[in-house]
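Okay, here's what each chain looks like letter by letter:
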Amino acid sequence: MSANNRHFVAVIGGATAGSVAAEVLADHGIRVAVIEQNSRPYGKIEDGLPRWHAEQRRQEYAKMAARLNKPGVTFVPSTKLGRDVDFNDLTEKWGFSAVILANGAWRDRSIGIDGADEFIGKGLIYQNPFIYWYNHKNEKSYNGPRYEVPDEALVLGGGLASIDVVKILQMENYERALKARGIEAHMHDFEKKGIPAVCKAHGIDPASLGVKGCLLVYRRRQQDMPLAQPPENATPEQLAKTESVRQKVLRLAQEKFLFRFQDCRLTQGLVVENGRLVGIKVSETKVEGRKATPVPGSEHDLRAPLIISSIGSVPEPIPGAIMKGEYFDITETDLPQYKGNDRVFGVGNVVTGQGNIRVSQVHSQKVTERLVEAYLGLGEGGEGSRDISAGQAGAEARGAAQASAVQEMVKTFPSLTDAQIAGLEAKIKVQHDRVGYGGNYDAWIAKVTPADLE
Ligand SMILES: Cc1cc2nc3c(=O)[nH]c(=O)nc-3n(C[C@H](O)[C@H](O)[C@H](O)COP(=O)(O)OP(=O)(O)OC[C@H]3O[C@@H](n4cnc5c(N)ncnc54)[C@H](O)[C@@H]3O)c2cc1C
């Protein structure tokens, strides 16, 4: 780095967007500290993508390692902004040239009924902790909450992540039912072949197992489900095509995983008995465009032994950071800049919370359709049809574009002096010493990865 162009940037979060940002900056000679709350930096890829995407996870972990191992990048694990390091201290006092928020969207959007969250763990679960449990439950060292997955659970959602939740519920219930008949069936078989095919291979009619199946409830019409997105400025034909893709995806998913579905249902209230949530009050809806209006007189109860809300994720607020509604106050432009400090930026899911497949902006509709089907395990054909890397490439490309814009901006900021850089290194060392990080990324990952991590 030339003496008149010395910059040091902190990136918060080391997953897809954070590691891509670190790489873009490092490739331009900018020093980077990647501050990550967890011991491993894989974010949604480890804890949000269900664990059956084993190959995709392995590939993404390797890509993140390559990026975080780049010369000039320092990894700072197990360090949470807002808990271990104060937001205003880091952004205003530490002296970084810039701070990039790449901390994703980890807070489940509330179901929006007053008092509902009192029933978390008492009939109500949110999607993020549910998927986290599912991905880690078989590890010996897992000590988080454990969930029962009863038959006939109710899932509020409609997007891709809600289909993941439904698949988990169905696979767990059929696995249990087959086990009761002395048959061991594995998640990977169910996920690849579908529940009817696995049962058939054992000479069993799935209907004879007595599983009634979970119910997915969506507030708009099935053709409105955010399972696929139209291109920007779509023509009427493209919009119609997107609607038919959504319906096809839902039909294939139901055929393969045997869940029930109701559209045009809006959550209006809670059904509570003996201190436990035992159902929700819903109204049917009339849908016009994006608007779903309750139909008067259509109110009824949907009872269920468990309700899982999967209606989207938003960023977790960080104490001291300015929010605008559910998001950080970051402009949604090519250069996503935080309003409270012109040296703070955002990249990745933290900007919009958008964690689902938005590849239609990058790929053709046909490719998008295949990707969605491959992601949900609905594609026909062999292993090749399950390649979802092009989807993740969309998230990476978006992160890289945002990081490049930030990088251009950072280069216009004044260079740091040797003393300022030494001061930052000393502060980073305090964090490294606190968590016992010796400076070698690969050695650290080997140390903190459970031997039985799937
Ligand atoms: C097939 C497929 C296609 C996809 N297509 C797209 C697409 O086109 N567009 C898209 O946007 N997404 C897409 N995704 C989703 C994609 O996986 C996510 O967008 C992406 O992984 C999110 O990355 P992120 O780095 O923004 O967030 P995360 O993965 O959530 O990473 C955030 C990181 O920040 C850390 N962190 C959080 N809070 C703090 C804190 N306070 N202090 C320190 N660290 C913190 C977290 O631990 C985590 O490691 C796709 C996924 C798949 C599987």
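Our subject is the structure that appears above.
Because the structure is predicted, anything quoted here is derived from the model rather than measured. (Residues numbered from 1 in each chain as written. Predicted model: local features only at pLDDT ≥ 70, side-chain atom pairs only at ≥ 80, totals over all residues. Heavy atoms only, no water.)

A. Helix H9 (residues 236-257), seen in detail. If you check H9, its first and last C-alpha atoms are 32 Å apart, about what 22 residues at 1.5 Å a residue would give, namely 32 Å. All buried positions along H9 are accounted for by Thr-242, Val-245, Arg-246, Val-249, Leu-250, Leu-252, Ala-253, Lys-256 and Phe-257. Looking straight down H9, one finds its buried side chains confined to an arc of 165°; they lie on one side. Facing away from the buried side of H9 by more than 90 degrees, the exposed set consists of Pro-236 and Glu-237. (Helix = DSSP H or I, 4+ residues; strand = E, 2+ residues; numbered from the N terminus. Expected span 1.5 Å × (residues − 1). Buried < 20%, exposed > 50% of the residue type's maximum accessible area, 1.4 Å probe, protein only. Arc of directions from axis to C-beta.)

B. Just the sheet that holds strand S4 (residues 98-101), in detail. As summarised here, the arrangement of the five strands in space is S3-S2-S1-S4-S18, forming an open sheet in which the pairing is parallel. Whereas interior strands pair on both sides, the edge strands pair on one side only; in this sheet they are strand S3 (73-76) and strand S18 (344-346). Across this sheet, the average inter-strand angle for adjacent strands is 20°, counted without regard to direction. Sheet topology places strand S1 (residues 8-12) next to S4; four bridges connect them, and they run parallel. Counterpart to Val-11 in the pairing with S4 is Ile-100. Relative to strand S2 (residues 31-35), helix H1 (residues 16-27) is tilted by about 170°, and along the sheet it contacts S1, S2, S3 and S4. The strands that helix H12 (residues 389-410) touches are S1, S4 and S18; relative to S18, the one it contacts most, it runs at about 165°. (Pairing = 2+ DSSP bridges. Axes fitted to C-alpha atoms, helices over the stretch in contact; angles between N-to-C directions. Contact = heavy atoms within 4.5 Å.)

C. Layout of the pairing of S1. Across the five residues that make up S1, a large majority, five, are buried. Burial along S1 is two-sided: the face carrying Phe-8, Ala-10 and Ile-12 and the face carrying Val-9 and Val-11 are both buried. In the classification by handedness, the crossover that spans S1, the intervening H1 and the parallel S2 is right-handed. (Right-handed = clockwise from strand over helix to strand, strands pointing away.)

D. Representation of the site of the ligand in the model. Taken together, 35 residues sit near the ligand, with Ala-17, Glu-36, Lys-44, Trp-106 and Arg-398 positioned nearest. Note that an oxygen atom of the ligand is positioned 3.0 Å from one of the side-chain N or O atoms of Gln-37. Across the complex, the protein chains shield 97% of the 980 Å² of accessible surface that the ligand would expose by itself. If you list the elements that add at least two residues to the shell around the ligand, you get H1, helix H2 (44-47) and H12. Within the shell around the ligand, the residues separate by chemical class into 15 nonpolar, 15 polar and five charged. (Near = heavy atom within 4 Å. Polar contact = N/O pair within 3.5 Å; in protein donor to acceptor, adjacent residues only side chain to side chain. Areas by Shrake-Rupley, 256 points an atom, 1.4 Å probe, with all protein chains shown as cover. Nonpolar A, V, L, I, M, F, W, Y, C, P; charged D, E, K, R; others polar.)

E. Representation of unusual backbone geometry within the structure. Here the phi dihedral of Glu-152 falls at roughly 65°; this positive angle occurs in a residue that is not glycine. Mapped onto the elements of the fold, Glu-152 is located in the loop between helix H5 (127-136) and strand S7 (154-156). Note on Glu-152: relative accessible area 33%, which makes it partly exposed. The backbone of Leu-258 sits at a positive phi, close to 60°, despite the residue not being glycine. Along the chain, Leu-258 turns up in the loop between H9 and strand S9 (260-262).

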